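So you can see what is in the structure, the chains are spelled out below.
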Amino acid sequence: MSQAIVLDTFLKNIQSCSKFHGRPNEDVCLWIDEIEEIFAILGTPSARRVQGARLLLRDNARLWVKDYTSPTGEDDVWAHFKASLTGRFDSPNKKYFARTRLWQLKQRSSVTKYITEFETLRAKIDDINEGEAIQAFLNGLKPKLQEHFAGHPVYRQDLSMIKQIVES
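All values reported here derive from a predicted model rather than from experimental measurement.

Conventions adopted
- Residues numbered from 1 in each chain as written.
- Predicted model: local features only at pLDDT ≥ 70, side-chain atom pairs only at ≥ 80, totals over all residues.
- Heavy atoms only, no water.
- Phe/Tyr/Trp six-rings, centres within 6.5 Å; stacked < 30°, edge-to-face > 60°.
- Helix = DSSP H or I, 4+ residues; strand = E, 2+ residues; numbered from the N terminus.
- Buried < 20%, exposed > 50% of the residue type's maximum accessible area, 1.4 Å probe, protein only.
- Lys NZ or Arg CZ within 6 Å of the ring centre and 35° of its normal.
- Axes fitted to C-alpha atoms, helices over the stretch in contact; angles between N-to-C directions.
- Parallel < 35°, antiparallel > 145°, perpendicular 65-115°, else oblique.
- Left-handed = near helix turned anticlockwise from the far one by under 90°.
- Contact = heavy atoms within 4.5 Å.
- Nonpolar A, V, L, I, M, F, W, Y, C, P; charged D, E, K, R; others polar.

(A) Broad picture of the packing of aromatic side chains. A full pass over the atoms with the stated rule returns 11 aromatic pairs. Ring centres of Phe 20 and Trp 31 lie 5.4 Å apart, and the angle between their planes is 35°; this geometry places the pair in the tilted category. Residue Phe 20 is located in the loop between α1 (3-15) and α2 (28-42), and its partner Trp 31 is located in helix α2; the two are separated by 11 residues in the primary sequence. For the pair formed by Phe 20 and Trp 31, the shared burial category is buried. Plain terms: the ring middles of Phe 39 and Trp 78 are 5.4 Å apart, the flat faces sit at 90° to each other, and that makes the pair edge-to-face. One end of the pair, Phe 39, is in helix α2; the other, Trp 78, is in helix α5 (residues 77-89), with 39 residues separating them in the sequence. The buried category is assigned to Phe 39, whose relative accessible area is 0%. By way of ring pairs, the aromatic residues Phe 20, Trp 31, Phe 39, Trp 64, Tyr 68, Trp 78, Phe 81 and Phe 89 are connected into one cluster. Taking NZ or CZ as reference, Arg 88 lies 4.4 Å from the ring centre of Phe 89, over its face.

Put into structure tokens, the structure is as follows:
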């Protein structure tokens, strides 16, 4: 494949990714995970990953990247860029707020929407164990569904099984 075709494919795919603005309500770690999936599929080398990520930065993040300097020497430039970006835009309080919001989350409409919202918040908490996740999930279900699990403790041992049951 020619260099021009490879570059064109890279640019088309990178432009389809979400942008990162550096706002307090944005999760820089989830954004990095998203673009890393694209980079992995494309087999993008480290330096090209930094270039692609820079194309997706807006607002506060764009201002930050203007002052960012790449490492010299043999350091992995992508790892350095991620660490610097995360250090600037990831708040240590985000896990606390995500955990609080997870416990406050309530099913207000469909089970599918509730599961999606739950998993989005859960992904932001890297130290949540299965037992806590199960309790938080059950706590947020509509009362009728909570009653179903109250009478069947055997169903309350595996979050994947619980999600399958409530979706059926």
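Having seen the structure, we can now continue with the description.
(B) Structural context of the environment of Glu 167. Relative to the helices and strands, Glu 167 resides in helix α10 (residues 159-167). Separated by 55 residues in sequence, Glu 167 and Thr 112 have C-alpha atoms that sit 6.9 Å apart.

(C) Structural view of the environment of Lys 66. Within the secondary structure, Lys 66 sits in helix α4 (residues 59-67). Once the C-alpha coordinates of Lys 66 and Arg 54 are considered, the two residues, 12 residues apart in sequence, prove to be 9.4 Å apart.

(D) Inspection of the packing of α4 against α5 at higher detail. One can describe the packing of α4 onto α5 by two numbers: an axis separation of 11 Å at closest approach and a directional angle of 130°. With respect to their mutual orientation, α4 and α5 come out oblique. Both α4 and α5 take part in a crossing whose hand is right-handed. Taking contact as the criterion, the partners of Asn 60, Ala 61, Trp 64 and Val 65 in α4 are, on α5, Phe 81, Ser 84, Leu 85, Arg 88 and Phe 89. Looking at side-chain class alone, the contact of α4 with α5 contains 6 nonpolar, 2 polar and 1 charged residues.

(E) View of the packing of α2 against α5. Put simply, α2 and α5 touch, their axes get as near as 10 Å, and they point 155° apart. Relative to α5, the element α2 is oriented roughly antiparallel. By crossing handedness, the relation of α2 to α5 is classed as right-handed. Residue-level contacts link Val 28, Cys 29, Trp 31, Ile 32, Ile 35, Glu 36 and Phe 39 of α2 to Trp 78, Lys 82, Leu 85, Thr 86 and Phe 89 of α5. Residue composition of the contact of α2 with α5, by class: 9 nonpolar, 1 polar and 2 charged.

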